[in-house]
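Observations on the model geometry
As a plain string of letters, each chain reads:
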Amino acid sequence: MRRLAVAFVAILGASALGACGRVAGEVVPLAGDKTLEEARTFEEFPLVYAGEQVDGLPLAAIVRRDDTADYVSFVYGDCLPSSPEGGCAPPAEIQVWPAARRSLGAYAGTQGAGASAPVLTSIRGSLAAFFDDGTRLELYTAELTLVLFARSPERLRTIVGALRCVAEDRAHDPAGRLDC
C-alpha cells in the first residue's frame, strides 16, 4: 500500500511539473498518433478530411481512437487554454466513425430537458443533422458517420465544401457525394 501511495505522489508531482511550464493563453501544440501517409493507407474504414488546410487552419493532428470509441480524428488549428491546468477545444475537428458505431438512431430518446433536437437536412447527398446551435454537424453515409466541430456555422459550411476522401485526395466537387 505504501508503494502505491509513493507512486501516486510521484505521478502527481510529474503532472504538476509538466503544468508549471505552461502559461495561460500559450498555444498548445497538438500531437497525433498518425501521419497523413498512414491515414492514406488506413484500411479499417474509409477516411474523409478537409485537406491539409481548411479555412486558414492547418491540419495539426490525426488521432486514432479505438478504445470505447472507434474513430479517426482530423484536428485543424491550435488552441489557447485559459489556464495552465485546463485543456481547450481546437478551432475545427472532423471525426470519421464507421456508420455501425455512430448513427442518428443512437440519439433517439436521449434528448434531456432543455436540450434542443437535431436539425435534420441533406448535405452532399447524405442525411445530416446540426447540433449545438450549428457548431456540430453529423453527416451519415452508408459506410461512415462524419462528426464535424467548429466554432461557427460558417466555418462548418467551409469545411463541408472541402471534404474529400483521404486515400484519393484529389480535387473535389463540393456538391459531390462522400462515397470513398
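Preceding this paragraph is the structure being described.
Notes on the structure follow. (Residues numbered from 1 in each chain as written. Predicted model: local features only at pLDDT ≥ 70, side-chain atom pairs only at ≥ 80, totals over all residues. Heavy atoms only, no water.)

Secondary-structure assignment places Ser73 in strand E4 (residues 70–76). Looking at Ser73, its side chain comes within polar contact range of the side chain of Glu93, at 2.5 Å. In this structure, Ser73 is in contact with Ala61, Ile62, Val63, Glu93, Ile94 and Gln95, ignoring residues within four places of it in sequence. (Helix = DSSP H or I, 4+ residues; strand = E, 2+ residues; numbered from the N terminus. Polar contact = N/O pair within 3.5 Å; in protein donor to acceptor, adjacent residues only side chain to side chain. Contact = heavy atoms within 4.5 Å.)

Remark on secondary structure: sheet strands pair via backbone hydrogen bonds, oriented parallel or antiparallel. Spatial strand order, E2-E3-E4-E5-E9-E8-E7-E6: 8 strands in an open sheet with antiparallel pairing. Lying at the two open borders of the sheet, with one neighbouring strand each, are strand E2 (53–54) and strand E6 (119–123). Pairing of strand E3 (residues 57–66) with E4 involves 7 bridges; the strand directions are antiparallel. By the bridge assignment for E4, Ile62 is matched with Phe74. Where helix H3 (residues 153–162) meets the sheet, its contacts fall on E2, E3, strand E5 (92–98), E6, strand E7 (126–131), strand E8 (136–140) and strand E9 (144–150), and the angle it forms with E9 comes to roughly 140°. (Pairing = 2+ DSSP bridges. Axes fitted to C-alpha atoms, helices over the stretch in contact; angles between N-to-C directions.)

On to the environment of Asp179, then. Positionally, Asp179 belongs in the segment after strand E10 (164–165). Linking Asp179 and Leu47, residues 132 residues apart in sequence, is a C-alpha distance of 10.0 Å.

Let us now look at the state of the cysteines. Counted under the stated rule, the structure contains 2 disulfides. With its sulfur 2.0 Å from that of its partner, Cys79 forms a disulfide with Cys88. Judged by the torsion about the S-S bond (60°), the Cys79/Cys88 disulfide is right-handed. Relative accessible area serves as the criterion here: at 3%, Cys79 is assigned to the buried category. (Disulfide = S-S within 2.5 Å. Buried < 20%, exposed > 50% of the residue type's maximum accessible area, 1.4 Å probe, protein only.)

Attention now goes to the environment of Gly134. Within the secondary structure, Gly134 sits in the loop between E7 and E8. Relative accessible area serves as the criterion here: at 13%, Gly134 is assigned to the buried category. Distance from Gly134 to Glu154, taken between C-alpha atoms, is 8.9 Å for residues 20 residues apart in sequence.

A few words now on a negative patch on the surface. On the surface, Asp33, Glu37, Glu38 and Asp66 cluster together into a negatively charged patch. One can find Glu38 in helix H2 (residues 36–40). (Patch = residues over 30% accessible without salt bridge, like charges linked within 9 Å, V, L, I, M, F, W, Y side chains within 5 Å. Areas by Shrake-Rupley, 256 points an atom, 1.4 Å probe, with all protein chains shown as cover. Salt bridge = Lys/Arg side-chain N within 4 Å of Asp/Glu carboxyl O. Lys, Arg positive; Asp, Glu negative; His and termini not counted. Charge placed at Lys NZ, Arg CZ, Asp CG, Glu CD.)

With that settled, consider the pattern of salt bridges. By the definition in use, this model includes 10 salt bridges. A salt bridge links Arg155 to Asp55; the shortest N-O distance between them is 2.8 Å. Remark: Asp55 occurs in the loop between E2 and E3 and Arg155 occurs in helix H3; sequence separation between them is 100 residues. For Arg155, a relative accessible area of 18% corresponds to the buried category. Close ionic contact of Arg102 with Glu138 constitutes a salt bridge, the shortest N to O distance being 2.7 Å. Of this pair, Arg102 sits in the loop between E5 and E6 while Glu138 is found in strand E8, placing the two residues 36 residues apart along the sequence. There is no split in this pair, since Arg102 and Glu138 are both buried. Salt bridges sharing partners connect three or more residues here, namely Glu44, Arg64, Asp70 and Arg101.

Note that every value here comes from positions in space, so none of it alone points to a role or purpose.
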